[in-house]
Amino acid sequence: LKNLSSLAPFSLLGIIGMLYTAVAMAMRYLGKAYHVPTGGKFLADVPANLQPSFGTTGATGVLQPSSFILISMLSTAYMAHFNAPKFYTELKNNTLERYNKVVSSSFAISIGIFALVAGLGFLTFGSACSGLILNNYSTKDAVMSFSRV
């Protein structure tokens, strides 16, 4: 590619998809559609190994060796550093100060969305969270099925 502008519509589509998924997950969490004690609306359609499961480990779970898997996954989520010079040259009014603002705000927004989705997934399904959280949701749940598209 000579420049990255041809990717802009697809990037926007991806952002809209992530925001839709976050809102849909919030709706399902707040609406208790997968709540265990009350027998949520879609709970019966979820395989037993993916149904919500909450233990007693609490915050000390962060100190487990398996938490390093999450850290390594998070570190690879932002591996676009090889494109940084191209982003800088294609930025309008490309001063270093403006570039730093754009990069900082982009990372902050990304981290916020990822943290929201991770938090909602854990609050809904606990330790039964699948590596791909959408697998935890019922296939009969139309709102969440649209996130899979």
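Right above here is the structure, for reference.
Here the structure is a predicted model, which means the values were calculated and not measured. (Residues numbered from 1 in each chain as written. Predicted model: local features only at pLDDT ≥ 70, side-chain atom pairs only at ≥ 80, totals over all residues. Heavy atoms only, no water.)

A. Layout of a nonpolar patch on the surface. On the surface, a cluster of nonpolar side chains totalling about 370 Å² of accessible area is made up of Leu-12, Ile-15, Ile-16 and Leu-19. Along the polypeptide, Ile-15 turns up in helix H1 (residues 8-30). Judged by its relative accessible area of 44%, Ile-15 is partly exposed. (Patch = residues over 30% accessible without salt bridge, like charges linked within 9 Å, V, L, I, M, F, W, Y side chains within 5 Å. Areas by Shrake-Rupley, 256 points an atom, 1.4 Å probe, with all protein chains shown as cover. Salt bridge = Lys/Arg side-chain N within 4 Å of Asp/Glu carboxyl O. Helix = DSSP H or I, 4+ residues; strand = E, 2+ residues; numbered from the N terminus. Buried < 20%, exposed > 50% of the residue type's maximum accessible area, 1.4 Å probe, protein only.)

B. Structural detail: the layout of surface pockets. Roughly 1500 Å³ of volume is contained in the largest pocket. Lining the largest pocket are 37 residues, with Leu-70, Ala-118, Phe-122, Cys-129 and Ser-130 positioned closest to its centre. Elements supplying a minimum of two residues to the lining of the largest pocket: H1, helix H2 (67-76) and helix H4 (96-125). Here the lining of the largest pocket takes seven residues from H4, the largest share from any one element. (1 Å grid on protein atoms, 1.4 Å probe; cavity = no way out; pocket = protein on both sides within 12 Å on 5 of 7 lines; lining within 4 Å. Points joined across faces, edges and corners; volume = space filled by probe spheres on them.)

C. Here's a closer look at unusual backbone geometry. The backbone of Lys-32 sits at a positive phi, close to 55°, despite the residue not being glycine. Of note, Lys-32 is situated in the loop between H1 and H2. A relative accessible area of 46% means that Lys-32 is categorised as partly exposed. One non-glycine residue, Asn-93, lies in positive phi territory at about 50°. Here Asn-93 is to be found in the loop between helix H3 (84-90) and H4.

D. Representation of the pattern of salt bridges in the model. Scanning the entire structure with this criterion turns up three salt bridges. Lys-140 is the salt-bridge partner of Asp-45, the closest N and O atoms lying 3.7 Å from each other. In this pair, Asp-45 is assigned in the loop between H1 and H2 and Lys-140 in the loop between H4 and helix H5 (142-147), connecting sequence segments 95 residues apart. Taking the relative accessible area as the measure of exposure, Asp-45 reaches 33% and is therefore partly exposed. Judged by its relative accessible area of 60%, Lys-140 falls in the exposed class. For Glu-97, the salt bridge goes to Lys-101, with nearest N and O atoms at 3.7 Å. You can see Glu-97 and its partner Lys-101 sitting in helix H4, four residues apart, about one turn around the helix.

These results come straight from atomic positions and should not be treated as a statement about function.
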